[in-house]
Amino acid sequence: LLQELGREIPVVETKAEKAAPAGSFVCKRSGRPGTQMPRPPFRGPVGEWIQTNISKETFDEWIGLGTKIINELRLDLSRDQDELVYDYGMRRFIGLADEKFEELSGEVPPAPPAEYVEMIDTVLTRSGNLESFGGELHKQV
């Protein structure tokens, strides 16, 4: 309709484009400008993907939420199954799809015990607001 009226069609920018000056780092998960991590958070191609795509601010947010997950579900990261739960939560939080994980690592992402998947999804949908569980979330597993 604008063209029919002889008017110029406006250029629409995304929120990330408006907020981020040219050349700045934009987090692929949040879409917000942020700080790129100076080095990968851990070794290997998955760590490099995180450094390339996820801002330090978003990854720090994961560390805080991951700590809540460890505490609420009473995970012991020296146990393989508990480490799988934590890693699953991290992948879900940062938006690392199973297909991308497999492409990067050459391995199918290890699945956590099924009873934990729903709990992790609950934690993530509540953005870590777990006070209503009163420290009893682990009893639901």
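See the structure above.
Model, not experiment: these values are computed from the prediction.

## Points about the pattern of salt bridges
By the definition in use, this model includes four salt bridges. Here R79 ties to D82 by a salt bridge, and the two come within 3.6 Å at their closest N and O atoms. Accessibility expressed as a relative area gives 42% for R79, which makes it partly exposed. Between E103 and K100 there is a salt bridge, and its shortest N-O distance comes to 3.1 Å. Of this pair, E103 and K100 both sit in helix 5 (residues 98–105), three residues apart, which is roughly one turn of the helix. Looking at K100, the relative accessible area reads 28%, which means it is partly exposed.

## A look at the side chain of D82
Tracing the chain through its elements places D82 in helix 4 (residues 80–94). The exposure class of D82 is buried, given its relative accessible area of 1%. For D82, the residues in contact, after removing those within four places along its chain, are R74, L75, D76, L77 and Y116.

## Observations regarding the environment of G31
Along the chain, the position of G31 falls in the loop between strand 1 (25–26) and strand 2 (33–34). Put simply, G31 and S55 are 24 residues apart on the chain and 9.6 Å apart in space, counted from C-alpha to C-alpha.

Conventions and cut-offs
Residues numbered from 1 in each chain as written. Predicted model: local features only at pLDDT ≥ 70, side-chain atom pairs only at ≥ 80, totals over all residues. Heavy atoms only, no water. Salt bridge = Lys/Arg side-chain N within 4 Å of Asp/Glu carboxyl O. Buried < 20%, exposed > 50% of the residue type's maximum accessible area, 1.4 Å probe, protein only. Helix = DSSP H or I, 4+ residues; strand = E, 2+ residues; numbered from the N terminus. Contact = heavy atoms within 4.5 Å.

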